[in-house]
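Analysis of the macromolecular model
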Amino acid sequence: MNIALKDISKSGDESVFKNRYKSEELDLNIDRFIKLEYVDAEIKVKFKDNKLDVKVNYLYNGKFRCVRCLEEFERHIKNSVYLKYDLSFDQEFLDITEDIRNEIILSYPSKPLCKDDCKGLCPVCGKNLNLYDCDCEKQELNNSFSKLTK
Ligand SMILES: [Zn+2]
Ligand SMILES: [Zn+2]
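Here goes a summary of the coordinates provided. Remember, predicted model here, so these are calculated numbers, not experimental data.

This part takes up the overall build of the protein. Helix and strand content of the protein: 2 helices and 6 strands. Reading the protein from its N terminus to its C terminus gives the helix and strand order β-β-β-β-β-β-α-α. For the protein, with 150 residues in total, the buried portion stands at 13%. Put simply, of all contacts in the protein between residues at least 6 apart along the chain, 57% involve residues at least 24 apart.

Below is the structure:
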């Protein structure tokens, strides 16, 4: 989305724009994103010393894969980012798409967990321990051993 500079208040007040970025527009169809259809952004822009101060509040529903149990889960992500732009003399538009894209890629959880205490998969039989109990002997032996050596 291009913001026309003429639509931004000249008196130093904040101008607010809203935009829904489609995933394709942000070029987010890469492997890490199981599913992310769109990102809603509220963009607050302010002229300051011939620069633009921009605050973006954005939110999206992301689909993630838990690194422990490998199940997919959805999560609502809400975040803000501050950006600053120098303006060139003849500039008419501001396009922050690329910066929003980078921000989302950086803030995307690198090790998503479906829940903090996700029990993961049994290393022996592979069952999802959040859903099933199993009788496998797990790392109890290893654990008590590592405790002794500490
Ligand atoms: Zn999990
Ligand atoms: Zn098991």
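That shown, we press on.
Right, let's talk about the pairing of strand 4 (residues 51-65) for a bit. Successive residues of a regular strand alternate their side chains across the two faces of the sheet. The sheet contact formed by strand 3 (residues 38-48) and strand 4 spans 9 bridges and is antiparallel. Directly across from Phe47, in strand 4, lies its bridge partner Leu52. In this antiparallel pair of consecutive strands, strand 3 and strand 4, the connection spans 2 residues, and Asp49 shows a positive phi of 50°. With 15 bridges joining them, strand 4 and strand 5 (residues 72-86) adopt antiparallel strand pairing. The partner of Leu52 across the bridge, within strand 5, is Tyr85. The antiparallel pairing of strand 4 with strand 5 creates a hairpin that spans 6 residues between the two strands, and Leu70 there sits at a positive phi of about 65°.

Further remarks concern the environment of Asn19. Tracing the sequence through the fold places Asn19 in strand 2 (residues 15-22). Ignoring any residue separated from it by four or fewer positions in sequence, one finds Asn19 in contact with Met1, Ala41 and Ile43.

Next up on the list: unusual backbone geometry. Phi is positive for Asp49, close to 50°, though the residue is something other than glycine. If you trace the backbone, Asp49 turns up in the loop between strand 3 and strand 4. A count of 7 C-beta atoms within 10 Å places Asp49 in the exposed class. Within the chain, Leu70 stands out as a residue other than glycine whose phi angle is a positive 65°.

The sheet built from 4 strands is open, its strands ordered 2-3-4-5 with antiparallel pairing. The open sheet has two edge strands with one neighbour each: strand 2 and strand 5. Averaged over all neighbouring strand pairs, the angle between strand axes comes to 20°, with direction disregarded.

A word on the nonpolar core. In this structure, Val39, Ala41, Val56 and Ile100 are the most contacted members of the largest nonpolar core, which totals 17 residues. Contributions of two or more residues to this core are made by strand 3, strand 4 and helix 1 (97-107). Here this core gets 5 residues from one element, more than from any other, and that element is strand 4. Setting aside chain neighbours within four positions, we find Val39 in contact with Tyr21, Leu26, Tyr58, Tyr60, Ile100 and Ile104.

About the thresholds
The numbers attached to residues start from 1 for each chain and follow its sequence in the written order. Both sets of labels track the order of writing: A upward for chains, 1 upward for ligands. Only residues with pLDDT of at least 70 are given local features in this predicted model, and only at 80 or more are side-chain atom pairs given and counted; all residues enter the totals for whole chains, interfaces and linings. Helix numbering and strand numbering both begin at the N terminus, where a helix is a DSSP run of H or I of at least 4 residues and a strand a DSSP run of E of at least 2. Burial is judged by counting the other C-beta atoms within 10 Å of a residue's own C-beta: 20 or more makes it buried, 12 or fewer makes it exposed, and any count in between marks it as partly exposed, with every C-beta position built from the backbone. A pair of residues counts as a contact when their C-beta atoms, built from backbone coordinates, are separated by no more than 7 Å. DSSP calls a pair of strands paired once it identifies at least 2 bridges connecting them. Only the stretch in contact is used when a helix axis is fitted, and all axes are lines through C-alpha atoms; the angle between N-to-C directions ranges over 0 to 180 degrees. What we call a nonpolar core is a set of buried Ala, Val, Leu, Ile, Met, Phe, Trp, Tyr and Cys residues whose membership is set by joining through C-beta atoms within 7 Å.

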